[in-house]
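Here is what each chain is made of, one letter per residue.
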Amino acid sequence: MIPKVINYCWFGGKALPRKVKLNIDSWKKFCPDYKIIQWNEKNFDVNKYCFAREAYEKKKWAFVSDVARLDIIYKHGGIYLDTDVELIKSLDPVLNAQAYFACEDRFSVGTGLGFGSVKKNEFILSNLKEYKNKHFINSNGSLNEILCVDVTTHLLSLMGFKANGSKQIINGMVIYPSSYFCPIQLGHRNNKVSSNTISIHHYSASWKEASDNIKGSDRMIILKKYIKHYVDYICGYGTYNKFKKILRMKNNF
């Protein structure tokens, strides 16, 4: 079983905001017998990976966390939650698996929504290896803002993950539909909290620039995600975002 330990990252040294404290209180309420560990620059070596070190230098804490969470769960096992995740039920039902992951929507699996694993899981290691030789600061000074959602989704797609909104089991790993961990999606107006819902991701989205907010109707948002999913699936994760930057299509695609 996945160990009853909730891990979260808090880099930068600032005090926890009230909203974060309330989310952590929900973890304690619904998982009272779980150990909760905060990981920061005091107990995690940000220099272990150049991607994390360079992101830390730029104070891009979310990208530091993208690497740290994988390293921590691979080494120790347990559960990871972003600090903008509120629990509304116990995590006990997801523990009986080699690992579990959460869909952000039918197309995307995001580790920030919450995920868990036994230690030394090979799929977690494959995620981690994607960052091993990458730099966060490119040679021209721009930032290599890889989205962890793209990395994990691409790797799972290679193993058979289907963008059909169903609960799926791949090599002992359970991938849950968005209704379980992400019923309120970024850019969407619909609240899809149901009897299946275990947690709500409130999307602080600290990695996003103010100029890159998602706009448009729900139908247009879904269309964009369809395009992104299949472009990245065919050409490799990150391809869509690279084309988007090159063509300066911020408001169109």
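In this text, all values refer to a predicted model and were calculated from it rather than measured experimentally. (Residues numbered from 1 in each chain as written. Predicted model: local features only at pLDDT ≥ 70, side-chain atom pairs only at ≥ 80, totals over all residues. Heavy atoms only, no water.)

**Quick look at the pairing of strand 5 (residues 99-102)**
Neither face of strand 5 is open: one carries Ala99 and Phe101, the other Tyr100 and Ala102, and all of them are buried. Sheet topology places strand 5 next to strand 6 (residues 115-117); 2 bridges connect them, and they run antiparallel. Looking at the pairing, Tyr100 lines up with Gly116 of strand 6. For strand 5 and strand 8 (residues 173-176), the ladder comprises 4 bridges, and the chain directions are parallel. Bridge assignment links Ala99 to a residue of strand 8, and that residue is Met173. (Buried < 20%, exposed > 50% of the residue type's maximum accessible area, 1.4 Å probe, protein only. Helix = DSSP H or I, 4+ residues; strand = E, 2+ residues; numbered from the N terminus. Pairing = 2+ DSSP bridges.)

**Re the sheet that holds strand 1 (residues 5-9)**
Overall, mixed pairing links the 7 strands, which are arranged 2-1-3-6-5-8-7 in an open sheet. Every other strand in the sheet has two partners, leaving strand 2 (35-39) and strand 7 (168-170) as the edge strands with one partner each. Across the sheet, the mean angle separating the axes of adjacent strands is 20 degrees when strand polarity is ignored. Pairing analysis gives 3 bridges linking strand 7 to strand 8, with the strands arranged antiparallel. Counterpart to Ile169 in the pairing with strand 8 is Val174. (Axes fitted to C-alpha atoms, helices over the stretch in contact; angles between N-to-C directions.)

**Re the confidence of the model for the protein chain**
For the protein chain, mean pLDDT is 85; residues scoring 70 or higher make up 77% of the total. The low-confidence segment residues 205-223 (pLDDT under 50) makes 27 contacts with residues lying over four places distant or belonging to another chain. (pLDDT = per-residue confidence, 0-100. Contact = heavy atoms within 4.5 Å.)

**Examining the nonpolar core**
Judged by nonpolar contacts, the single largest core of 39 residues is most densely connected at Phe44, Phe101 and Ile175. Breaking this core down by element, the ones donating at least two residues are helix 2 (50-57), helix 3 (61-76), strand 5, helix 4 (122-132), helix 5 (148-158) and strand 8. The element best represented in this core is helix 3, accounting for 8 residues. The contact partners of Phe44, leaving out residues within four places of it in the chain, are Phe11, Trp39, Tyr49, Ala68, Asp71 and Ile72. (Core = buried A, V, L, I, M, F, W, Y, C linked by side-chain atoms within 4.5 Å.)

**Let's talk about the environment of Glu130**
Relative to the elements of secondary structure, Glu130 occurs in helix 4. Classification of Glu130 as partly exposed rests on a relative accessible area of 21%. Between the alpha carbons of Glu130 and Thr152 there is a distance of 9.5 Å; along the sequence they are 22 residues apart.

**Quick word on the packing of helix 3 against helix 4**
For the pair helix 3 and helix 4, the least separation of the axes is 9 Å and the interaxial angle reads 145 degrees. Remark: the crossing between helix 3 and helix 4 carries left-handed chirality. Together, Asp66, Val67, Leu70, Asp71 and Tyr74 of helix 3 and Ile124, Leu125, Asn127, Leu128 and Tyr131 of helix 4 make up the contact between the two elements. Its residues assigned to classes, the contact of helix 3 with helix 4 comprises 7 nonpolar, 1 polar and 2 charged. (Left-handed = near helix turned anticlockwise from the far one by under 90°. Nonpolar A, V, L, I, M, F, W, Y, C, P; charged D, E, K, R; others polar.)

**A short note on the environment of Leu113**
For Leu113, the position within the fold is in the loop between strand 5 and strand 6. When the C-alpha atoms of Leu113 and Asp82 are compared, they prove to be 6.4 Å apart, with 31 residues separating the residues in sequence. Setting aside residues no more than four positions away along its own chain, Leu113 makes contact with Leu81, Val85, Ala102, Cys103, Glu104, Cys182, Ser199, His201 and Tyr203.

**Here we look at the pattern of salt bridges**
Counting across every chain of the model gives 9 salt bridges. The partner of Lys4 in a salt bridge is Asp33, with the nearest N and O atoms 2.8 Å apart. In this pair, Lys4 is assigned in the segment before strand 1 and Asp33 in the loop between helix 1 (18-30) and strand 2, connecting sequence segments 29 residues apart. For Asp33, a relative accessible area of 47% translates into the label partly exposed. Among the ionic pairs, Asp71 bridges to Lys48, the shortest N-O distance being 2.9 Å. Residue Asp71 is found in helix 3, and its partner Lys48 is found in the loop between strand 2 and helix 2; the two are separated by 23 residues along the sequence. The class for Asp71 is buried, based on a relative accessible area of 7%. Exposure remark for Lys48: the relative accessible area of 45% places this residue in the partly exposed category. A single network of salt bridges, built from pairs that share partners, joins Lys4, Asp33 and Asp92. (Salt bridge = Lys/Arg side-chain N within 4 Å of Asp/Glu carboxyl O.)

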